[in-house]
Amino acid sequence: MNIGSVAQSSGLPAKTIRYYEDIGLLQPDRAENGYRNYSVADVHRLRFLQRARSLGFTVEECRQLLSLYNDRERESADVKAIAKARLEDMERKIAELISLRDALRHLVDNCHGDNRPDCPIIDELAAERPAR
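Every value quoted in this text rests on a predicted model; they were computed, and no experiment measured them.

### A closer look at the side chain of Glu-61
Part 1 of the argument: Take Glu-61: it is sitting in helix α4 (residues 59–70).
Part 2 of the argument: Discounting residues that sit within four places of it in the chain, Glu-61 has contacts with Gly-56, Ile-82 and Arg-86.

Spelled out as structure tokens, the structure:
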């Protein structure tokens, strides 16, 4: 298959497919003329990567997951450890975002939003913080 067919089959843009090849996540065969020749297994691998990335796995985690996927003697504990670490990182980021949202909501709620120059949002952004 050519890259256009693979892009359509996998749902990924050709640019992403080339990137995955450049970083070694995908290694299609090459025809005699030098063109990439993708297999059904390559399409499956790309769909695997697309799903993993949509779940928030990093490129390096995808590399590890692909390695485990190809290892028929893998232990599911290894896969779970990667997924658990990603989940913990997501939960930490969500907590940070909630905290940021609450702080910004407080500032917005306390700003009169009128024609006066006093603005708690600007005051907070301009406040000096002690060095940590």
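### Some thoughts on helix α2 (residues 14–22)
Part 1 of the argument: Inspection of α2 places Ile-17, Tyr-20 and Glu-21 among the buried residues, and these make up the whole buried set. The buried side chains of α2 occupy one side of the element, clustering within an arc of 100° when seen end-on. α2 presents Lys-15 and Asp-22 as exposed residues on the side facing more than 90 degrees away from its buried surface.
Part 2 of the argument: The elements touched by buried residues of α2 are α1 (3–10), β1 (29–30), β2 (36–37) and α3 (40–54).
Part 3 of the argument: Residue Gly-24 follows α2 closely and has a positive phi angle near 85°.

### Quick word on helix α5 (residues 76–110)
Part 1 of the argument: For α5, spanning 35 residues, the distance from its first C-alpha to its last is 51 Å, which sits close to the expected 51 Å at 1.5 Å a residue.
Part 2 of the argument: Looking only at α5, the buried set comprises Ile-82, Arg-86, Asp-89 and Leu-107.
Part 3 of the argument: Next to the buried residues of α5 lie α4 and α6 (120–126).

### A word on the nonpolar core
Part 1 of the argument: Counting 21 residues, the largest nonpolar core has Ile-17, Tyr-20, Leu-46 and Leu-49 as the members making the most contacts within it.
Part 2 of the argument: Elements with a contribution of two residues or more to this core: α1, α2, α3 and α4.
Part 3 of the argument: Among residues more than four places away in sequence, those in contact with Tyr-20 are Leu-12, Leu-25, Leu-26, Leu-46, Leu-49 and Arg-53.

### Notes on the pattern of salt bridges
Part 1 of the argument: Following the criterion strictly, the structure yields 12 salt bridges and no others.
Part 2 of the argument: Asp-42 serves as the salt-bridge partner of Arg-45, at 3.2 Å between the closest nitrogen and oxygen. Of this pair, Arg-45 and Asp-42 both sit in helix α3, separated by 3 residues, roughly a single helical turn.
Part 3 of the argument: Residue Arg-45 is classed as partly exposed on the basis of its relative accessible area, which comes to 23%.
Part 4 of the argument: Here Asp-42 falls in the buried class, since its relative accessible area comes to 5%.
Part 5 of the argument: Through salt bridges with shared partners, a single ionic network connects Glu-61, Arg-86, Asp-89, Arg-92, Lys-93 and Glu-96.

### Focus on the packing of α1 against α3
Part 1 of the argument: For the pair α1 and α3, interaxial distance at closest approach is 9 Å and the crossing angle is 45°. One finds that α1 runs oblique with respect to α3. The chirality of how α1 crosses α3 is right-handed. On the side of α1, the interface is formed by Val-6, Ser-9 and Ser-10, while α3 contributes Val-43, Leu-46, Arg-47 and Gln-50.
Part 2 of the argument: Of the residues assigned to the contact of α1 with α3, the class counts are 3 nonpolar, 3 polar and 1 charged.

### A closer look at the confidence of the model for the chain
Part 1 of the argument: Here the chain shows a mean pLDDT of 93. Residues at 70 or above account for 98%.
Part 2 of the argument: In the model of the chain, β1 stands out as the element of lowest mean pLDDT, 89, in contrast to α5, which has the highest, 97.

Thresholds, definitions, all that
- Residues numbered from 1 in each chain as written.
- Predicted model: local features only at pLDDT ≥ 70, side-chain atom pairs only at ≥ 80, totals over all residues.
- Heavy atoms only, no water.
- Helix = DSSP H or I, 4+ residues; strand = E, 2+ residues; numbered from the N terminus.
- Contact = heavy atoms within 4.5 Å.
- Buried < 20%, exposed > 50% of the residue type's maximum accessible area, 1.4 Å probe, protein only.
- Arc of directions from axis to C-beta.
- Expected span 1.5 Å × (residues − 1).
- Core = buried A, V, L, I, M, F, W, Y, C linked by side-chain atoms within 4.5 Å.
- Salt bridge = Lys/Arg side-chain N within 4 Å of Asp/Glu carboxyl O.
- Axes fitted to C-alpha atoms, helices over the stretch in contact; angles between N-to-C directions.
- Parallel < 35°, antiparallel > 145°, perpendicular 65-115°, else oblique.
- Left-handed = near helix turned anticlockwise from the far one by under 90°.
- Nonpolar A, V, L, I, M, F, W, Y, C, P; charged D, E, K, R; others polar.
- pLDDT = per-residue confidence, 0-100.

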